[in-house]
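Next come the chains, spelled out residue by residue.
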Amino acid sequence: MGRLILGVVLQLFFCLAVLGVCIGTYIDLCSLQVVMTNGIVSITLTVPGGAITCITYKGSDNLLDTQDRREDDRGHWNIFWSKVPGGGTLVDKYVMLSGSPGFYSYAVLERLKGWPAFDIEGGRLVFKLQQDKFHYMAMSNERQRIMPTSKDRLTGKILDYKEAVLLTNPTNPEFKGEVDDKYFYSCENKDSQVHGWVSSDPPVGFWMITPSNEFRSGGPNKQDLTSHLGPTVLAVFMSRHYVGKDIDLKFQTEEYWKKVLGPVFVYLNTNASAKSDPSLLWNNAKRRMQEEVESWPYSFPLSEDFVKSNERGAVSGQLLVDDWYPNKGLVPGASAYVGLAPPGAAGSWQFQSKGYQFWTRTDCNGSFLIKNVIPGTYSLFAWVSETLGDYRYSSNITVYPGSNVKIRNMVFKAPRKGAPLWEIGIPDRSAAEFFIPEPSPKFRIHKYRVEIEKFRQYGLWTRYQDLYPQNDLVFTVGTSNYTKDWFFAHVTRKVRNDEFIPTTWKILFDLENVSQGANYTLQLALASANNAELQVRLNNPKSPPDFTTGVIGKDNALARHGIHGSYHFYSIDIGGSSLVAGRNTIYLTQARSEGPFTEVMYDYIRFEGPA
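Residues numbered from 1 in each chain as written. Predicted model: local features only at pLDDT ≥ 70, side-chain atom pairs only at ≥ 80, totals over all residues. Heavy atoms only, no water.

Within an unreviewed UniProt entry, the label attached to the protein chain reads rhamnogalacturonan endolyase, and the organism entered is Sesamum calycinum. The record held by UniProt for the protein chain lists under Sequence similarities (unreviewed entry) the comment "Belongs to the polysaccharide lyase 4 family." In the Catalytic activity (unreviewed entry) part of its UniProt record, the protein chain is described as follows: "Endotype eliminative cleavage of L-alpha-rhamnopyranosyl-(1->4)-alpha-D-galactopyranosyluronic acid bonds of rhamnogalacturonan I domains in ramified hairy regions of pectin leaving L-rhamnopyranose at the reducing end and 4-deoxy-4,5-unsaturated D-galactopyranosyluronic acid at the non-reducing end." (UniProt positions renumbered as here; feature names shortened; annotations may be inferred.)

Encoded structure:
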């Protein structure tokens, strides 16, 4: 494992040259620093290295942490790689516009042909803020509040992993009994366009604005860190979080690669009334975020590697869904996700980091327009909420500068072999509709201004054993209700100290008659899998599995308070000879038992009759 923090600070002068006479740049030769200022914001960078050591806003003191952080650990780019100690270059750039209350940053990563083979595990931009000033954190309208302090974590108790700390002696007694964990504050890419902190005195907001997801890995539903205790503000471009090492960038010796990450915008704002209501600065930051989104792609980057608007193309079309059981003919794929990503099989976009991705939502007619696409060759992908499976257009699509590619005959034939006999859940790539318990009473609920999703609490995996102390879950079709009787995660059972055993869930269902020579189908979609193996048996729990997934998943979504990770879909043929007229049982065994976080989360299960 290596950590790359490189900067070419001389690039700054080229970025500043045409941006207005109000911008000043000077070099402090005594301390080897570069200072950029536009009269509103100033930033100080180290030479060499390019780390940001100081940020001021309207004459404020340094907003970055000067107490516990080295100068080169206050604001910087990180690239994490493995296998060899080197093999790539990063040029990080900072851009400041005249009259702008903030600054932009982007990086150009390049790997030359012939360099050693290696993997890149992650890339991010990090800022550590003043601990005695920034106490209010926000990443959505619902998830924002006054936060504990970093010192509260130091006096607390580490729980099942180092990121999760029980606050036992916090400076604010209201936090006693709460758990702090940076993964509480994860967001999906599509929802993570602005987040940050608010200082109490002076009332200053420090916000990370990401105007586009094109340079992020894993597509619109990929989850990642935002802001967390430190106080820390992140822009994460690629990581293993909620996916695992399958999303790593893997390079061979002869492979050339280049990618631009960003620009992102560090936005600073203030309002005297924010002393009593910090959400005022959040609301202002949301408006600024929308302005940045509408300005994308930016015109100011001077790097030839950043593709400007007039050099990009577009792709448009209409997605239709062919699902014969609920609909007699083709219907529009309304509100579907449609995206361009590097060429690959259906669903491969979940694991893509090397290239760019461009996503949008269809309208009520299934029509879509993907604008500002960087020229290149892509696969066209889609998925429709409440419809099983992944779609990939039959051929790759090449986008040229200025082109508008119109896609025709875009029909998603939904996976279905027979009429449904029963179903459990909603095919939406999430386990959110299933039963999510209250956290253990020994942990105080992590509260916000309003109620949020129940899955964002610590220790929910332990509640399965509380609810099913002796026997595993049994679900009876026609009687049970999946919102109350289907636990959101299929977890292991703890038998002593650090020993865990597999668990087997049962689905009981009745068939009036069975076509012995026909094939039935079990459609099985998983919302998450972590070091798991799901085995399926029909009517005989001791027989060899009728189906097994094999060992799948490294997304660790359960431990990171996610309700989904990577999507897995299986269409399983069931011979009629395995069924009986009357009561039948499907046994679902999660066969591995490495620890409390070995699990699968189900998205949707459907049992279909003969074709």
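S.K.: Quick question: what am I supposed to make of the pairing of strand β20 (residues 232-238) here?
M.R.: The side chains of a regular strand alternate, first on one face of the sheet and then on the other. Burial of β20 is extensive: seven of the seven residues sit out of reach of the surface. Judged from the six bridges that link them, strand β9 (residues 118-128) and β20 form a sheet pairing that is antiparallel. Its bridge partner being in β20, K128 is matched across the sheet by T232. In this structure, strand β19 (residues 227-228) lies alongside β20, joined through two bridges in antiparallel fashion. Bridge pairing in β20 links H228 to T232. Counted between consecutive antiparallel strands, the loop separating β19 from β20 contains three residues. (Buried < 20%, exposed > 50% of the residue type's maximum accessible area, 1.4 Å probe, protein only. Helix = DSSP H or I, 4+ residues; strand = E, 2+ residues; numbered from the N terminus. Pairing = 2+ DSSP bridges.)

S.K.: Explanation requested: the layout of surface pockets in the structure shown.
M.R.: One way to see where empty space is left: roll a probe the size of a water molecule over the atoms. A volume near 1,200 Å³ is recorded for the largest pocket. Lining the largest pocket are 47 residues, and of these R124, E163, K182, Y183 and L225 sit closest to its centre. Of all elements in the fold, only β6 (75-82), β9, α2 (150-154) and β20 reach the threshold of two or more residues within the lining of the largest pocket. Per-element tally for the lining of the largest pocket: the top contributor is β9, with six residues. A breakdown of the residues in the lining of the largest pocket according to their chemical character gives 13 nonpolar, 14 polar and 20 charged. (1 Å grid on protein atoms, 1.4 Å probe; cavity = no way out; pocket = protein on both sides within 12 Å on 5 of 7 lines; lining within 4 Å. Points joined across faces, edges and corners; volume = space filled by probe spheres on them. Nonpolar A, V, L, I, M, F, W, Y, C, P; charged D, E, K, R; others polar.)

S.K.: Can you help me understand unusual backbone geometry in this one?
M.R.: Backbone geometry follows two general trends: most residues other than glycine have a negative phi, and most peptide bonds adopt the trans configuration. The peptide bond linking V47 to P48 adopts the cis configuration, its omega dihedral lying at -5 degrees. Following the sequence through the fold, P48 ends up in the loop between β4 (41-46) and β5 (52-57). For the peptide bond that leads from D201 to P202, omega is 0 degrees, which places it in the cis range. Along the chain, P202 turns up in the loop between β16 (194-199) and β17 (204-209). The phi dihedral of Y242 falls on the positive side, at around 65 degrees, and the residue is not glycine. Note that Y242 resides in the loop between β20 and β21 (249-251). Exposure remark for Y242: the relative accessible area of 2% places this residue in the buried category. For N497, which is not glycine, the phi torsion reads 25 degrees and is therefore positive. Tracing the chain through its elements places N497 in the loop between β36 (493-496) and β37 (499-501). Overall, the relative accessible area of 64% leaves N497 in the exposed class.

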